[in-house]
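Tertiary structure, described
Okay, here's what each chain looks like letter by letter:
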Amino acid sequence: ESRLPLPERTRILTISNQKGGVGKTTTTVNLAAALARSGAKVLVIDLDPQGNASTALGVEHRSDTRSVYDVIIDDLPLADVVQESPEEGALYCVPATIHLAGAEIELVSLVAREQRLRRALDLHVKEMAEPYDYVFIDCPPSLGLLTINAFVAAGEVLIPIQCEYYALEGLSQLLKNIELIERHLNPELRVSTILLTMHDSRTNLANQVAQDVRDHFPDQVLETIIPRSVRVSEAPSYGQSVISYDMNSSGSLSYQEAAAELARRGAPRSGGGS
Ligand code: ADP
Ligand code: MG
């Protein structure tokens, strides 16, 4: 694993798609692991009550573990809940526990309900002698207040798209919501990156979908496509990224390549509209 260029400022990416099972968590975990191995300091914030990112990063998230729930609902400092992942490199995780399932409702009556993650993250990063290079926020499959908190906290959105027939369905809804957030809550937010996942190159359909997405979003789609690979789906049950689990598998290599692209492209220019 070679070293990659580091960003000048912390890049905060929200991994979002309101569809479930498109590879959000898998992408979060494996890009984060690849970047940490290449010398970056990386934080993953697990914002899905399922806690799949916490599991895959080998981080404790029992119901009594202090988690992102305590940060968002009870103002616990983020530093108090960050755990180090056993993955190689400087990789940290804010776990999610099952309590987060109630947060969507509890948030409704709180002040600054859309800004709570952003405030916690700002405070945390400001206090660090050596700030993170990347923060990845793994979203639940919905466009509720948790996802809004992620959009408000981030500078970039990364959308994983599964190479299947319904890939583009629902995407316009997602983009519309992101535009609303940009207009009203976070003018910095950009859809910087689209990653094609679970691609099966043997099917014409997958190739056609990939081409359609590239035609629609020529500037955002990464060159690298993540293939469907059993090793990718096995890794989380060992509490590992696919890179630790089977470094030279096709899934591992493609996530490392996607991470390199993300690093080399750098953060999008902000300001001046999108
Ligand atoms: P989401 O977070 O969007 O719900 P996941 O990342 O959990 O999606 O992925 C859904 C399922 O697909 C999981 O079981 C995961 O292991 C599997 N999966 C994700 N990416 C791949 C891939 N490239 N090859 C094979 N299985 C994959
Ligand atoms: Mg997920």
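Attention in this report is confined to the structure presented alongside it. Please read all numbers here as calculations on a predicted model, not as lab measurements.

Overview of the overall build of the protein chain
When its secondary structure is counted, the protein chain shows eleven helices and eight strands. The C-alpha radius of gyration computed for the protein chain amounts to 17 Å, which stays within 12% of the reference 19 Å derived for 274 residues, consistent with globular compactness. Counting across all 274 residues of the protein chain, residues that qualify as buried make up 47%.

A short note on the pairing of strand E2 (residues 42-46)
Across the five residues of E2, five count as buried, placing the element largely inside the fold. Sheet analysis places E2 next to strand E4 (residues 91-94), joined by four bridges and oriented parallel. Considered in E4, the bridge of Val 44 is made with Cys 93. Where E2 lies against strand E5 (residues 134-138), five bridges are found, and the strand directions are parallel. Bridge pairing links Leu 43 to Val 135 in E5.

Some details on the site of ligand 1
The local shell around ligand 1 holds 17 residues, among which Lys 24, Thr 25, Thr 26, Val 232 and Ser 233 are the closest. For the shell around ligand 1, the elements supplying multiple residues, two or more each, are helix H1 (24-37), strand E7 (190-199) and helix H9 (230-234). Top contributing element to the shell around ligand 1 by residue count: H1, with three residues. Considered class by class, the residues forming the shell around ligand 1 number five nonpolar, ten polar and two charged.

Details of the pairing of strand E8 (residues 221-227)
For a regular strand, side chains alternate in direction, first toward one face of the sheet and then toward the other. Note that E7 and E8 share three bridges and pair parallel. Considered in E8, the bridge of His 199 is made with Pro 227. In this fold, E7 hands off to helix H8 (residues 204-216), which returns the chain to E8; that crossover is right-handed.

How each quantity is defined
Residues numbered from 1 in each chain as written. Chains lettered and ligands numbered in written order. Predicted model: local features only at pLDDT ≥ 70, side-chain atom pairs only at ≥ 80, totals over all residues. Helix = DSSP H or I, 4+ residues; strand = E, 2+ residues; numbered from the N terminus. Rg over C-alpha atoms; globule rule 2.2 N^0.38 Å. Buried ≥ 20, exposed ≤ 12 C-beta atoms within 10 Å, placed from the backbone. Pairing = 2+ DSSP bridges. Near = placed C-beta within 6 Å. Nonpolar A, V, L, I, M, F, W, Y, C, P; charged D, E, K, R; others polar. Right-handed = clockwise from strand over helix to strand, strands pointing away.

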